[in-house]
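Architecture at a glance
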Amino acid sequence: MPAPPLQDIRANAAPEPPAAPAAGRLHRPAGVAALCAALAVLLSVSVLLAISLGPAPVPPADTARLLWAALTGGRVGPADITTYQIIWEIRTPRVLLAALVGAGLSAVGVAVQAMVRNALADPFVLGVSSGASVGAVGVTVTGGLAGLGLHAVSAGAFAGALFASFLVYAASSRGGALSPLRLVLTGVCVSFGLQAVMSVIIYLAPSGEATSTVLYWTMGSFGAASWAALPVVAAAVLLGIAVLRRRSRSLDVLALGDETAISLGVSPDRHRRFLLLLASLLTGVMVAVSGAIGFVGLVMPHLVRLVTGAGHARVLALAPLAGAVFMVWADLIARTLAAPRELPLGVITALVGVPVFITLMRRRSYLFGGR
């Protein structure tokens, strides 16, 4: 008997949780498009306010004027030079980087949860953050990649993230097959092993500089944001989100289980290998510029599924925007709450993410948005 067409997947999927009448309209394309537009407007306003606010606040109207001058090559008066430098050279790249990383982590979180069929999975479940931390600390202690200058630590972190992903793939693959359970368990083991390696490097380090570096990579910060880092991150995140959107039906199939996927003519192992590579590359790029920021890739997909249901086309349309808004405000809180000192970003995301996730779990048991 021929396999049913891919477009009939939703007919075989587990029923989605009942939604209120108002939320039910979001299952239609018009409802999703309207919410996307609302989130895009909210993101624009959030970016403007985040650039305006800080230890030296600037009125939003003046911020918009200076940003317009920077974008159009307009003239900036002598009295505004210092404010212009704060707005354009320091805050704008930082806020844009926060939005990109928030969007990327949310999208990768959606993909990883479908790939391993585990609602508790996030972009760092594959040991990527531990690998990046080892790479960053190793470069700092040994002085390696010195020719890259300010980008040496980021390059080391990216290389470490890819190395961790390779270890996970090599250890969990059996005859070319990738079991979701083996992926998760191998990722956890590799993560613990790399953390031990990182501890040894710090213990043997001749100075305390490595300790500061590991705190940065394990708790996250956008303090090192610059215009030079934005193009690579923007290209990687936007391209990754576009690729995941095109594969949203494959993610729907993977979430149903390997047997169902095979019966529908989809190779789960092939798709899982591709998603592992894509998730590792995207996470490595983001961790290299921001450190390991937890709970964003875990909580945002669940919040979006609560509104839209479990269809990955809808979730991937909204989760990046929601993650970008959340990260912009989390970074603003991190740099203003205890000013002039800056709180680790991971502290803010954990303080928000833990109660939100517990609340969601108490409302209903999650399995990719199901009951």
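Before any of the text, the structure's been laid out above.
Definitions and cut-offs
- Residues numbered from 1 in each chain as written.
- Predicted model: local features only at pLDDT ≥ 70, side-chain atom pairs only at ≥ 80, totals over all residues.
- Heavy atoms only, no water.
- Helix = DSSP H or I, 4+ residues; strand = E, 2+ residues; numbered from the N terminus.
- Buried < 20%, exposed > 50% of the residue type's maximum accessible area, 1.4 Å probe, protein only.
- Contact = heavy atoms within 4.5 Å.
- Areas by Shrake-Rupley, 256 points an atom, 1.4 Å probe, with all protein chains shown as cover.
- Salt bridge = Lys/Arg side-chain N within 4 Å of Asp/Glu carboxyl O.
- Phe/Tyr/Trp six-rings, centres within 6.5 Å; stacked < 30°, edge-to-face > 60°.
- Lys NZ or Arg CZ within 6 Å of the ring centre and 35° of its normal.
- Polar contact = N/O pair within 3.5 Å; in protein donor to acceptor, adjacent residues only side chain to side chain.
- Expected span 1.5 Å × (residues − 1).
- Bend = angle between axes of the 7 residues up to and from the residue.
- Core = buried A, V, L, I, M, F, W, Y, C linked by side-chain atoms within 4.5 Å.
- Axes fitted to C-alpha atoms, helices over the stretch in contact; angles between N-to-C directions.
- Parallel < 35°, antiparallel > 145°, perpendicular 65-115°, else oblique.
- Left-handed = near helix turned anticlockwise from the far one by under 90°.
- Nonpolar A, V, L, I, M, F, W, Y, C, P; charged D, E, K, R; others polar.
- Patch = residues over 30% accessible without salt bridge, like charges linked within 9 Å, V, L, I, M, F, W, Y side chains within 5 Å.

**Considering the overall build of the protein chain**
Helix and strand counts for the protein chain come out as 16 helices and two strands. For the protein chain, the residues scored as buried account for 49% of the 371 residues in total. In the protein chain, once contacts between residues fewer than 6 apart in sequence are set aside, the share between residues at least 24 apart is 77%. Summed over its atoms, the accessible surface of the protein chain is roughly 16,900 Å², and 68% of this surface lies on carbon and sulfur atoms.

**Things to note about the pattern of salt bridges**
Applying the stated criterion to the full structure yields six salt bridges. Put simply, Arg65 and Asp80 hold a salt bridge, and the shortest N to O gap is 3.3 Å. Residue Arg65 is found in helix H4 (residues 60-72), and its partner Asp80 is found in the loop between H4 and helix H5 (81-116); the two are separated by 15 residues along the sequence. Judged by relative accessible area, which is 43%, Arg65 ranks as partly exposed. On the basis of relative accessible area, Asp80 is assigned to the partly exposed category, the value being 22%. Here the salt bridges share partners, and the residues they tie into one network are Arg94, Asp331, Arg335 and Glu342.

**Side note on the packing of aromatic side chains**
Counted by the stated rule, this structure contains one aromatic pair. The interplanar angle of 35° and the centroid separation of 4.6 Å between the aromatic rings of Trp88 and Trp227 together place this pair among those described as tilted. With Trp88 in helix H5 and Trp227 in the loop between helix H9 (209-219) and helix H10 (230-246), this pair connects stretches of sequence that are 139 residues apart. Accessibility expressed as a relative area gives 30% for Trp227, which makes it partly exposed. Looking at Arg247, its charged tip hangs above the ring of Phe274, at a distance of 3.9 Å from the centre.

**A short note on the side chain of Ser52**
As for its position among the elements, Ser52 is in helix H3 (residues 29-52). Side-chain polar atoms of Ser52 contact the side chain of Thr63, separated by 2.9 Å. Other than its neighbours up to four places away in sequence, Ser52 contacts Pro57, Val58, Pro59, Pro60, Thr63 and Arg91.

**Some details on helix H15 (residues 312-336)**
The periodicity of an α-helix, 3.6 residues per turn, causes residues three or four positions apart to be oriented the same way. If you check H15, its first and last C-alpha atoms are 35 Å apart, about what 25 residues at 1.5 Å a residue would give, namely 36 Å. Leu318 marks the point of greatest bend in H15, at about 25°, and the proline Pro320 comes within the next four residues. Most of H15 sits inside the fold, with 20 of its 25 residues counted as buried.

**Re helix H8 (residues 180-204)**
Here H8 spans 36 Å end to end across 25 residues, near enough to the 36 Å set by a 1.5 Å rise per residue. Among all positions in H8, only Pro180, Leu183, Val184, Thr186, Gly187, Val190, Ser191, Leu194 and Met198 are buried.

**Quick look at the side chain of Asp122**
Examined against the element boundaries, Asp122 turns out to sit in the loop between H5 and helix H6 (128-142). If sequence neighbours within four positions are ignored, Asp122 has contacts with Val112, Gly297 and Leu298.

**Some thoughts on the nonpolar core**
Val101 and Met327 are the most contacted members of the largest nonpolar core, which has 95 residues in total. Of the residues forming this core, the biggest block, 19 residues, is contributed by H5. Ignoring any residue separated from it by four or fewer positions in sequence, one finds Val101 in contact with Phe222, Met286, Val289, Ser290, Ile293 and Met327.

**Overview of the environment of Leu351**
In this structure, Leu351 sits in helix H16 (residues 345-363). A C-alpha to C-alpha distance of 9.5 Å links Leu351 and Phe295, two positions 56 residues apart in sequence.

**As for the packing of H10 against helix H13 (residues 268-290)**
Orientation of H10 relative to H13, taken along the N-to-C sense of each, is 155°, at an axis distance of 10 Å. Between H10 and H13, the angle falls in the class roughly antiparallel. When the axes of H10 and H13 are compared, the crossing they make is left-handed. Where H10 approaches H13, its residues Val233, Ala236, Val237, Gly240, Val243 and Leu244 are matched on the opposing element by Phe274, Leu275, Leu278, Leu282, Val285, Met286 and Val289. Taken together, the residues of the contact of H10 with H13 break down into twelve nonpolar, one polar and no charged.

**Structural notes on a nonpolar patch on the surface**
On the surface, a nonpolar cluster with roughly 300 Å² of combined accessible area is contributed by Phe163, Phe166 and Leu167. For Phe163, the location among the structural elements is in helix H7 (residues 152-172). Assessed through its relative accessible area of 47%, Phe163 is described here as partly exposed.

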